[in-house]
Amino acid sequence: MSKIYKIWFQQVKLPIYLKHEMLLKVTCIEQLFALQPKDYKNWGLTEEAIYRLSKKHLEGCHQILKDCMDTQTEILDYFDPDYPQILREIPDCPIVLYIKGNKQWLTKPMIAMVGARKCTEYGDRMARQLSGQLSQMGIVVVSGLAMGVDAASHQGALQKEGGTVAVLGTGCDLCYPQCNQGVYDAILEKGCLVSEYP
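Each chain has its residues counted from 1, following the order in which its sequence is written. Where local features are concerned, this predicted model is filtered to residues with pLDDT of at least 70; where side-chain atom pairs are given and counted, the filter is 80 or more; whole-chain, interface and lining totals use all residues. In computing side-chain values, all of the structure's heavy atoms are included and hydrogens and water are not.

A. Molecular detail of helix α1 (residues 2-11). Among the 10 residues of α1, seven are classified as buried, and the element is accordingly described as predominantly covered. Along α1, the positions that sit buried rather than exposed are Ile4, Tyr5, Lys6, Ile7, Trp8, Phe9 and Gln10. For each residue, the accessible area found with a 1.4 Å probe, counting protein chains only, is set against the maximum for its type, and the residue is called buried under 20%, exposed over 50%, and partly exposed in between. A run of H or I in DSSP counts as a helix once it spans at least four residues, and a run of E counts as a strand once it spans at least two, with each numbered from the N terminus.

Next up, the structure:
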């Protein structure tokens, strides 16, 4: 049931900085859900924020949870011990992450590789070579599954049996662009897909 509250808080339309301030006042998201409007007011929140937090409709959250269960998508929140520590260090880190694949890759040393979507043959070859070398050294290659350098970086890491993490701009159950479906499937099998979106 606690996953419902994670989804609820993620769906509440509030600035991310305000959500982070609220997280500092509790030890779990369930506590935020249990608060009453007067509690929010005591924290100095605006009337608009109190209104949004007081709408505790969970119907849509139940559907998101069902969809996640159906697609074997795991939900991690800021308080989860598996939430990547490196993300906690940025001021506007996501409150909730949706994960498919092996989340253990999120605990390893990582490096991001990004570049042109329409890269040259040389750019493609170098991205594969560099990511493969990094992978052999035990460094997880993180990219965005876009065409070009992103896809080549993922492929290079996968060819060397190392880890790769794809940070998606869509939900984890959707491969975009479609031309990267093969890379998506390989990452799902051997790496990890991460998104802020259900």
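Still more ground to cover, so stick around.
B. Here's a closer look at the layout of surface pockets. Whether a set of points on the 1 Å grid over the protein atoms alone is a cavity depends on a 1.4 Å probe fitting there but being unable to get out, while an open set qualifies as a pocket with protein on both sides within 12 Å along at least five of seven lines; lining residues are those with an atom within 4 Å of a point. Grid points are joined across faces, edges and corners, and a volume is the space filled by probe spheres set on the points. There is about 370 Å³ of room inside the largest pocket. Taken together, 19 residues make up the lining of the largest pocket; nearest its centre are Leu87, Leu97, Val142, Val167 and Val194. When contributions to the lining of the largest pocket are tallied by element, the ones reaching two or more residues are α7 (85-88), β3 (110-112), β5 (164-168) and β6 (192-195). Its residues placed into classes, the lining of the largest pocket shows 16 nonpolar, two polar and one charged. Within this model, the second largest pocket holds a volume of roughly 230 Å³. The residue classification treats Ala, Val, Leu, Ile, Met, Phe, Trp, Tyr, Cys and Pro as nonpolar and Asp, Glu, Lys and Arg as charged. All others, Gly included, are polar.

C. A look at the state of the cysteines. The disulfide criterion is simple: two cysteine sulfur atoms within 2.5 Å. Summed over all chains, the structure comprises zero disulfides. No disulfide involves cysteine 68; its nearest neighbouring cysteine sulfur is the one of cysteine 172, lying 8.3 Å away.

D. Representation of the sheet that holds β5 within the structure. At least two DSSP bridges between two strands are required for those strands to pair. The strand order across the open sheet built from six strands is β1-β2-β6-β5-β4-β3, with neighbouring strands paired in mixed fashion. Edge positions in the sheet fall to β1 (74-77) and β3, since each of these pairs with one other strand and no more. Taken over all neighbouring pairs, the strand axes of this sheet differ in orientation by 25° on average, direction set aside. Note that β1 and strand β2 (residues 96-101) share four bridges and pair antiparallel. Structural elements are reduced to axes, namely lines fitted to C-alpha atoms, with helices fitted over the stretch in contact, and the angle between N-to-C directions of any two is expressed from 0 to 180 degrees.

E. Just the packing of aromatic side chains, in detail. Ring pairs shown here join Phe, Tyr and Trp side chains whose ring centres sit within 6.5 Å, with only the six-membered ring taken for Trp; geometry is labelled stacked below 30 degrees between planes, edge-to-face above 60, and tilted in between. Counted according to the given criterion, the structure contains six aromatic pairs. Ring centres 5.0 Å apart and planes at 90° place the aromatic pair tryptophan 8 and phenylalanine 33 in the edge-to-face group. Here phenylalanine 33 lies in helix α3 (residues 29-34) and tryptophan 8 lies in helix α1, a separation of 25 residues in the sequence. For phenylalanine 33, a relative accessible area of 16% translates into the label buried. A centroid spacing of 5.6 Å and a plane angle of 85° characterise the contact between tyrosine 78 and phenylalanine 79, whose relative ring orientation is edge-to-face. When its relative accessible area of 18% is taken as the criterion, tyrosine 78 is described as buried. Owing to a relative accessible area of 28%, phenylalanine 79 belongs among the partly exposed residues under this scheme. Grouping aromatic residues by their ring pairs yields a cluster made of Tyr5, Trp8, Phe9 and Phe33. For a Lys NZ or an Arg CZ to count as sitting over a ring, it must be within 6 Å of the ring centre and within 35 degrees of the ring normal. The ring of phenylalanine 9 carries lysine 19 above its face, with NZ or CZ at 5.4 Å from the centroid.

F. How the structure looks around the pairing of strand β4 (residues 140-143). Alternating positions in β4 separate into two faces, Val140 and Val142 on one and Val141 and Ser143 on the other, with burial throughout. Note: β3 against β4, three bridges, orientation parallel. What sits directly across from isoleucine 111, in β4, is valine 141. With the strands pointing away from the viewer, any crossover whose connection runs clockwise from the first strand over the helix to the second is right-handed. Crossover connection from β3 via helix α8 (residues 121-136) to parallel β4: handedness right-handed. At this point the chain moves from β4, through helix α9 (residues 149-159), to the parallel β5, and the crossover so formed is right-handed.

G. Layout of the pattern of salt bridges. A pair is scored as a salt bridge if a Lys or Arg side-chain nitrogen falls within 4 Å of a carboxyl oxygen belonging to Asp or Glu. Considering all chains together, one arrives at nine salt bridges under this definition. Its salt-bridge partner being aspartate 70, residue lysine 66 comes within 2.7 Å of it at the nearest N-O pair. Pair noted here: lysine 66 and aspartate 70 are both in helix α6 (residues 59-70), with a separation of four residues, about one helical turn. Classification of lysine 66 as partly exposed rests on a relative accessible area of 44%. Overall, aspartate 70 belongs to the exposed group, its relative accessible area being 51%. Close ionic contact of lysine 103 with aspartate 82 constitutes a salt bridge, the shortest N to O distance being 2.7 Å. A residue pair is termed long-range when its members are at least 10 positions apart, and lysine 103 in the loop between β2 and β3 and aspartate 82 in the loop between β1 and α7 qualify at 21 residues. Among the ionic contacts, a cluster of salt bridges with common partners joins Lys6, Asp77 and Asp80.

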